[in-house]
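# Architecture at a glance
Each chain is listed here by its residues.
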Amino acid sequence: MSDLTRKTAVELSELMTAGEVSSVEITQAHLDRIGAVDGAVHAFLHVDSEGALAQAAAVDSRRAAGEELGPLAGVPLALKDVLTQDGVPTTAGSKMLEGWRPPYDATVVRRLKAAGVVILGKTNMDEFAMGSSTENSAYGTTHNPWDLNRIPGGSGGGSSAALAAYEAPLAIGTDTGGSIRQPGAFTGTVGVKPTYGGTSRYGLIALASSLDTPGPCARTTLDAALLHEVIAGHDPMDSTSIDQPVPAVVDAARRADVAGLRIGVVKELGGEGYQPGVEARFHEAVELLTKLGAEVVEVSCPHFEYALPAYYLILPSEASSNLAKFDAMRYGLRVGDNGENSAEKVMSLTREAGFGAEVKRRIMLGTHALSSGYYDAYYGQAQKVRTLIARDFTRAYEQVDVLVSPATPTTAFAIGDRIDDPIAMYKNDLCTIPSNLAGNAAASFPCGLADEDGLPVGFHVMAPVMRDDLLYQVGGALEAALAEQWGGVLMSKAPELEVTR
Amino acid sequence: MTAEVFAIEDALASYDPVMGLEVHVELNTKSKMFCGCPTEFGAPPNTQTCPVCLGLPGALPVVNARAVESAIKIGLALNCEIAQWCRFARKNYFYPDMPKNFQTSQYDEPIAFNGWTEVVVDGETYRIEIERAHMEEDTGKSTHVGGATGRIHGASHSLVDYNRAGIPLIEIVTKTIEVPPAKAAAVARAYVSMLRDLLLALDVSDVRMDQGSLRCDANVSLKPKGSSVLGTRTETKNVNSFRSVERAVTYEITRQAAVLASGGKVVQETRHWHEDTGITTSGREKSDAEDYRYFPEPDLVPVAPSREWVEELRATLPEAPSTRRVRLQEEWGFTDLEMRDVVNGGALELVVGTVELGVTPAAAKKWWLGELARAANESGQALGELGVGAAEVAEVQKLVDTGALNDKLARQVFDGLVKGEGTPAQIIEARGLALVSDDSALLEAIDRAIAANPAVVEKVNSGKPAAAGALIGAVMKDMRGQADAAKVRELLNAKLGI
């Protein structure tokens, strides 16, 4: 038996169906791998060995009883620590929630459990999902398995790093401005932001309600599609959830065909400020798709240049309100409750101690942007820009089926490199943010290594609302074509991590 | 602490009050505004909560369709336009009893707006313009423990009960109410009272003011007579009886007049009403700096009630209480004064019920506002709590109509009913109250009266038949009231040959 942690979810599923290996064995293999490498990677904040093995054993006995199980039953998964799991510590990467055990499951978690997916533990992230590097976690930085001196991307660095370190074959992330796709690109893995409302936000600790979208992370397109199918679909507990059938993402990933597909390269997402190695791999990928029969044209989305400023008004505004509930009254951290201080004082001492610098910065920004006298100039104006960006997409989709761009302007940067320069950090999400503002579906697929640094480059695909299947169609085709060149998925080129015991 | 106040007459001689009322109504939906938790009043603290109404991280709201329906009904009953499309907004502020530290409310896009209604005070009808009726959620309830006053100052700790958090509220906001200054306070009271009746008729709220399911905030400012410049207003919060609404408005007028007349400035603030002392005291200062940072609630999709639904709801509306009163007054042939007595006496529904059982409106009114109102007054009960219903009143009146009882005896039957002595028949039996209709018994009594009053008989015989009244009185006394006076007169006249 070759190392179970190197296998895809599909392969693991086949092995279990054939009775060659049990979910408990698979789960134990991944727990062992976490034990061996996570000291160096720090992808996990909490490993639920007992719970995971119990879930695995339950799946094994259901399978033994002849029960018909879903394709991912018994496959392990790493869960971003921003989704609630009943009884399991959930912190959103913040001191504010240290030790908090939610009394309920997020809808995504409920669906994973129903599908028999085994949840290994909670992964590290930028505090309350604010950041592009996972350096803003209150519990320390996650390291990129491709180069431990580099960041894995953010905010979902833990989830993507867990995949790249072979600690889990599947992971769940959440994407508010690129937090699934950017770390996906930086770790050479697949990261999909479904259509906003296509996956439920119930149980997702909110950063910006109108942007947050849970989505699948995996090492292959098909694995991501299978996971997508498990977690997506209408949820009556989330008012913004779309009441429509889930797009046929698994079929699309299997079909992996781009012949006749019209692909638009977004003119505004490239050129100055983009790393040459990133641009080179991106253009090669576009050429490859052309060879596979896609029709490629250049498309202009003139308002994308305002996406970043609009995003950095809308996000902090919503976040400032969403984070108000962390007030030391009902759960989480409480500082200064000595019988002398007033409730207000305890509240402010707690918020002072519990929130990190980036969170405070955004709360201040958002509070200002929403305040009377500034609302129209900031929040109101940003909402107008948002409408214009959505219109850019609509016009573009009249000409093409999908839009493409690099997922990020650069490859993974060094730890500490941009932490003191928020603007440089924010610019990382240049390509990913427009899709969040418009609510469209988008994904990043690995498309090679940059010449300069040998680090992964992400190929970004954007599709219309509820056409998530198109992402998988393109991603699948690209993955198959590149696998021929590379002799496997890009991840197989990653350096071996030093194993510590 | 008592503030200097003017007499109301002096205040109104120099200033015109400007008034606006905000009424919060808790809806009687079975579940909360944004989750499925029950809304039962008086449950043990924090037993009716879930991740949503506790605002736990990750939880999301979903709008209660029944609450939207109630909001639309209220809007329609107040002659409002119903929004084709409206949104919830977040009202951001910190308070320990508010789980999310923002209240999900409606701001610039209320579900109902631009309405009007009417109230009657002293026979005059006043029109009140409605600015809006919007949906929101209630907050939790804080209890401050360890102090003498139950207020936060001096308390050793506070307890919060989140059972009330998330209960659907409708806030009904008037435009500036323009009525003759002397009527302002009475109109305020009449308005809240009218709303209560309306909400009861719509069956959208229990409107229990004592339980806080109807709460009134009164905004009052004064402007000097002849001036068009608006004064600074105060907002007196959570006034919770009709009488208090009137008193609180009056008090603010007299207090503000005293402040202004002494050259002072009215501070824009919220004020607390004190039921026991009849005054308001300063609460939180409400400066312009207060900023709720409203923005559209991104966790909820807009509410867009279809026109068909709105029309369906309009068709189900009961007759408005004010319209109904006009109709009833006309049907009953009551004067304005008579009708007002019935309404103010809390006897409207009882009279309606009694008339429906075949009693004339005049007779129904006579019993309810006479004998029964007196009994209620004596025992400090509400009219409806006496244990006497429309059916009993109708039964007694029927006996009067058939001649089995006269008014005097009927009053004794009611006395028995109030004292819980049984049914009218049982009381008549037990107290021996039936009228004597046996002629021979009456004739014997007449003979006794004639024998005992020779002087009176002499007067009658000398051509003064009116003097016979004394003999009738003597007979009635002899019969202990249980005789039909007309019958006695008839027999007596025959006997005396007049």
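An unreviewed UniProt entry lists chain B under the name Aspartyl/glutamyl-tRNA(Asn/Gln) amidotransferase subunit B, with Kribbella flavida given as the organism. In UniProt, chain B has this text filed under Sequence similarities (unreviewed entry): "Belongs to the GatB/GatE family. GatB subfamily." Note on chain B: under the UniProt heading Subunit (unreviewed entry), the record states "Heterotrimer of A, B and C subunits."

The name an unreviewed UniProt entry assigns to chain A is Glutamyl-tRNA(Gln) amidotransferase subunit A, from the organism Kribbella flavida. According to its UniProt record, chain A has this under Sequence similarities (unreviewed entry): "Belongs to the amidase family. GatA subfamily." Comment text from UniProt for chain A, heading Function (unreviewed entry), reads "Allows the formation of correctly charged Gln-tRNA(Gln) through the transamidation of misacylated Glu-tRNA(Gln) in organisms which lack glutaminyl-tRNA synthetase. The reaction takes place in the presence of glutamine and ATP through an activated gamma-phospho-Glu-tRNA(Gln)."

### As for the overall build of chain B
Secondary structure assignment for chain B yields 16 helices and 14 strands. Across its three principal directions, the C-alpha atoms of chain B cover 95 × 55 × 50 Å. Expressed as a percentage of the 498 residues in chain B, the buried residues total 48%. In chain B, of all internal contacts separated by at least 6 residues, the share reaching a separation of at least 24 is 66%. Carbon and sulfur atoms make up 51% of the accessible area of chain B, which amounts to about 23300 Å² in all. Computed over 53 positive and 69 negative side-chain charges, the inter-centroid distance for chain B is 2 Å.

### Description of the side chain of Ser405 of chain A
Among the secondary structure elements, Ser405 of chain A is positioned in strand S9 (residues 402-406). Other than its neighbours up to four places away in sequence, Ser405 of chain A contacts Leu269, Phe282, Cys431, Gly458, Phe459, His460 and Met462 of chain A.

### Notes on the pairing of strand S8 (residues 295-299) of chain A
The two faces of a sheet get side chains in turn, since along a regular strand they alternate between them. Direction of pairing for strand S7 (residues 262-266) of chain A relative to S8 of chain A: parallel, over a ladder of 5 bridges. Bridge assignment links Gly264 of chain A to a residue of S8 of chain A, and that residue is Val297 of chain A.

### Some words on the state of the cysteines
All names here are of chain B. For the coordinates displayed, the defined rule picks out 0 disulfides over all chains. The cysteine Cys35 is free of any disulfide, with Cys50 supplying the nearest cysteine sulfur at 3.7 Å. Accessibility expressed as a relative area gives 13% for Cys35, which makes it buried. Cys53 forms no disulfide, and the closest cysteine sulfur to it belongs to Cys37, at a distance of 3.8 Å.

### Some remarks on the interface of chain B and chain A
Between chain B and chain A, the residue contacts involve 30 residues of the former and 38 residues of the latter. Both faces combined, the contact of chain B with chain A buries some 2600 Å², and carbon together with sulfur accounts for 61% of it. Broken down residue by residue, the surface that chain B buries against chain A is led by Pro57, Leu60 and Arg293 of chain B, which jointly contribute 22%. Between Arg201 of chain A and Asp299 of chain B there is a salt bridge, with its nearest N and O atoms 2.8 Å apart. Our count for the chain B to chain A interface comes out at 16 residue pairs in polar contact (both at pLDDT 80 or more). Listed by contribution, the elements that provide at least two residues to the side of chain B that touches chain A are strand S3 (89-92) and strand S14 (295-296) of chain B. Considered class by class, the residues forming the side of chain B that touches chain A number 21 nonpolar, 4 polar and 5 charged.

### Regarding the domain arrangement of chain B
Here chain B is described as being made up of domain 1 (8-313), domain 2 (321-431) and domain 3 (439-496). Here the C-alpha centroids of domain 2 of chain B and domain 3 of chain B sit 33 Å apart.

### Brief notes about the packing of helix H6 (residues 321-332) of chain B against helix H8 (residues 348-356) of chain B
All names here are of chain B. Running from amino to carboxyl end, H6 crosses H8 at an angle of 45°, the nearest separation of the two axes being 12 Å. The orientation of H6 with respect to H8, classified from their angle, is oblique. The crossing of H6 and H8 is left-handed. Between H6, through Arg324, Arg325, Leu328 and Trp332, and H8, the contact on the second element is made entirely by Leu348, Glu349, Val351, Val352 and Val355.

### Brief notes about the UniProt feature "domain: Amidase" (unreviewed entry) in chain A
Residues annotated in UniProt with the feature "domain: Amidase" (unreviewed entry) correspond here to residues 25-471 of chain A. Overall, residues 25-471 of chain A shows 38% helix and 14% strand. The separation of its end C-alpha atoms is 33 Å.

### Things to note about the packing of helix H13 (residues 439-452) of chain B against helix H15 (residues 468-478) of chain B
All names here are of chain B. Axis separation between H13 and H15 bottoms out at 9 Å; the angle between their running directions is 125°. Comparing the axis directions of H13 and H15 gives the class oblique. Regarding H13 and H15, the two cross each other, and that crossing is right-handed. On the side of H13, the interface is formed by Ala445, Ile446, Arg448 and Ala449, while H15 contributes Leu471, Ala474, Val475 and Asp478. Along the lines of polarity and charge, the residues of the contact of H13 with H15 split into 6 nonpolar, no polar and 2 charged.

Calculation rules
Residues numbered from 1 in each chain as written. Chains lettered and ligands numbered in written order. Predicted model: local features only at pLDDT ≥ 70, side-chain atom pairs only at ≥ 80, totals over all residues. Heavy atoms only, no water. UniProt positions renumbered as here; feature names shortened; annotations may be inferred. Helix = DSSP H or I, 4+ residues; strand = E, 2+ residues; numbered from the N terminus. Buried < 20%, exposed > 50% of the residue type's maximum accessible area, 1.4 Å probe, protein only. Contact = heavy atoms within 4.5 Å. Areas by Shrake-Rupley, 256 points an atom, 1.4 Å probe, with all protein chains shown as cover. Lys, Arg positive; Asp, Glu negative; His and termini not counted. Charge placed at Lys NZ, Arg CZ, Asp CG, Glu CD. Pairing = 2+ DSSP bridges. Disulfide = S-S within 2.5 Å. Buried area = accessible area lost by both parts, 1.4 Å probe. Salt bridge = Lys/Arg side-chain N within 4 Å of Asp/Glu carboxyl O. Polar contact = N/O pair within 3.5 Å; in protein donor to acceptor, adjacent residues only side chain to side chain. Nonpolar A, V, L, I, M, F, W, Y, C, P; charged D, E, K, R; others polar. Domains from an automatic or database assignment. Axes fitted to C-alpha atoms, helices over the stretch in contact; angles between N-to-C directions. Parallel < 35°, antiparallel > 145°, perpendicular 65-115°, else oblique. Left-handed = near helix turned anticlockwise from the far one by under 90°.

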